[in-house]
Amino acid sequence: MRTDGILPILFLFSSLFFSGCNEKQKEISSLEKEGKPDFREWSKTPTLGWNSYDAYHGAVTEKQFLQSVDSLEKKLLPYGYDMATIDFCWFNPGPDNWNPNQWTTFTVKQEKDSLGNLYPVLNMDEYGRLIPAENRFPSSKNGDGFKALGDYLHQKNMKFGIHIMWGIPRQAVNANTPIKGTEYYAADVAKKIDTCKWNNNMYGVDPTKPGAQEYYNSLFDLYANWGVDFVKVDDISAPTYHSKEIELIRNAIDQCGRPMVLSLSCGEAFVSYANHMEAHANLYRISIDFWDYWEKIVHMFDLAYAWQPHIGDGTWPDLDMIPIGNLCLSDYPGESTKKEHFSHLNDEEKKTLMTLWSFAKSPLIWGGDPITSRAEDYAWLQNKELLRINQHSTHNRQAANFVYSGMGRTDRIWLAESKDGNEKYIAFFNLGEEPMDLDFYFHWEYWDGTYQVTDVWSGEHLGQKTKKITATAIPPHGTVAYKLTKI
């Protein structure tokens with residue numbers, strides 16, 4: 001795969017990022033002066049968890065979610081994966097006669113009938129706030145929302161996440177519902193010209209209008225009552241960057257009295273907004289929806305390299321969910337490439353994916369179905385050494401000698417270190433179609449000394465190395481990763 005000309009541009013981006021660090025600190029200092037809580041403390045390490053989208057699209061039910069949580073508790077919680085998130089359209093009851101007990105997914109857009117009424121009718125309270133569809137989430141009856149699900153996860157020492165769309169429901173604007181605690185109404189704050197291209201449930205919120213902040217405050221007050229710990233806000237950061245609505249959401253979280261990790265989606269996020277994202281959110285997607293195809297992984301190397309200066313405590317560039325295991329249950333409607341299947345990636349490609357995500361300190365959020373995925377699918381997520389790199393390493397970067405992809409180069413090397421400097425980590429990647437040997441000389445990164453070498457994937461001790469380390473016969477699409485312990 002030729003990428004001539006791409007990475008030299010990324011060099012420029014990276015230099016701009018480093019020069020922008022002062023701007024980032026100005027944004028953060030401004031928030032601190034306002035007396036707001038430091039949300040970065042709520043996500044000191046990259047999020048580990050599971051999200052329902054890759055398996056269930058927009059139609060997961062309470063029964064499926066709870067069964068998934070039970071599986072996660074047994075198989076992944078011991079490794080630190082403690083977040084379970086219900087992805088989009090949990091407020092949609094599905095088409096007429098949709099039966100959650102004979103589950104299949106459905107189209108999530110609303111249509112208009114001959115009288116101009118929207119259907120299906122989304123579940124919504126009297127203040128224009130979307131609430132769970134009761135046919136899918138029976139515990140939400142009597143106005144309880146997701147509180148029972150939040151309590152269920154918290155009893156397991158797990159955390160509860162939800163997905164929302166930015167903006168205000170069209171349904172609320174049509175009904176002109178009141179904004180809780182104010183004299184304003186939905187139509188007063190709606191920005192009808194601002195809509196999502198792939199989900200037509202919402203209008204934008206005009207941040208200049210009175211009542212806009214109060215509307216978002218009412219949303220996050222509701223989510224706090226449900227015990228929500230993590231909110232993924234979709235279609236807010238790309239292709240249009242909704243900076244002022246992001247600020248409304250930041251304010252709403254800070255005033256609600258409950259710590260909630262904020263994730264901005266979807267990508268590819270524009271690098272020019274990096275400082276703003278870091279000043280307002282914990283996670284931010286730097287890729288479009290990522291699926292289980294090798295060419296998508298190759299592109300992630302360029303994105304991870306471009307964003308490496310922004311890997312830091314409390315704010316994390318997000319390479320998207322991990323599509324390993326059983327995916328796209330019952331086929332996704334209208335998407336011919338998303339038929340139910342186990343991951344298309346071969347074992348070498350899965351190893352490469354998990355290694356890059358770990359070295360780049362991306363959140364590790366699994367997308368496979370916990371109920372029907374196999375033990376070998378879970379195994380890719382259970383490598384303790386990689387998890388230690390993802391959660392606790394520092395100075396994560398692509399090696400300077402291997403940043404240029406011109407002339408058809410397909411080699412990459414990523415590096416990281418322990419916080420005390422006694423351990424170094426190195427991952428050699430072969431993005432090409434033939435086996436490859438790669439050398440790394442310690443003096444390139446001032447790593448001079450003698451090290452005990454351990455294979456990250458197998459745990460095998462490989463003896464001592466001084467001056468350089470060589471990875472031989474790296475398979476196509478594969479990786480070799482080592483831990484170097486200084487002697």
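Scroll up to find the structure this text is about.
Report follows, based on the coordinates. (Residues numbered from 1 in each chain as written. Predicted model: local features only at pLDDT ≥ 70, side-chain atom pairs only at ≥ 80, totals over all residues. Heavy atoms only, no water.)

Once that is clear, we can look at unusual backbone geometry. The omega torsion across Tyr119 and Pro120 is -5°, close enough to zero to call that bond cis. Inspection of the secondary structure puts Pro120 in the loop between β4 (118–119) and α5 (147–155). For Asp331, which is not glycine, the phi dihedral falls at a positive 70°. Summarising the element assignment, Asp331 is placed in the loop between β13 (326–327) and β14 (341–342). Of note, His477 is a non-glycine position whose phi angle comes to about 65°, a positive value. With respect to the helices, strands and loops of the structure, His477 is situated in the loop between β22 (468–474) and β23 (479–486). For His477, a relative accessible area of 11% puts it in the buried group. (Helix = DSSP H or I, 4+ residues; strand = E, 2+ residues; numbered from the N terminus. Buried < 20%, exposed > 50% of the residue type's maximum accessible area, 1.4 Å probe, protein only.)

We now examine the packing of helix α8 (residues 212–226) against helix α9 (residues 243–256). Two elements in contact, α8 and α9, have axes whose closest approach is 8 Å; the angle formed by their N-to-C orientations is 45°. It follows from the interaxial angle that α8 and α9 lie oblique. Viewed along their axes, α8 and α9 form a crossing whose handedness is right-handed. For the pair α8 and α9, contact is made by Ala212, Gln213, Tyr216, Asn217, Phe220, Asp221 and Ala224 and by Glu245, Leu248, Ile249, Asn251, Ala252, Ile253, Gln255 and Cys256, respectively. (Axes fitted to C-alpha atoms, helices over the stretch in contact; angles between N-to-C directions. Parallel < 35°, antiparallel > 145°, perpendicular 65-115°, else oblique. Left-handed = near helix turned anticlockwise from the far one by under 90°. Contact = heavy atoms within 4.5 Å.)

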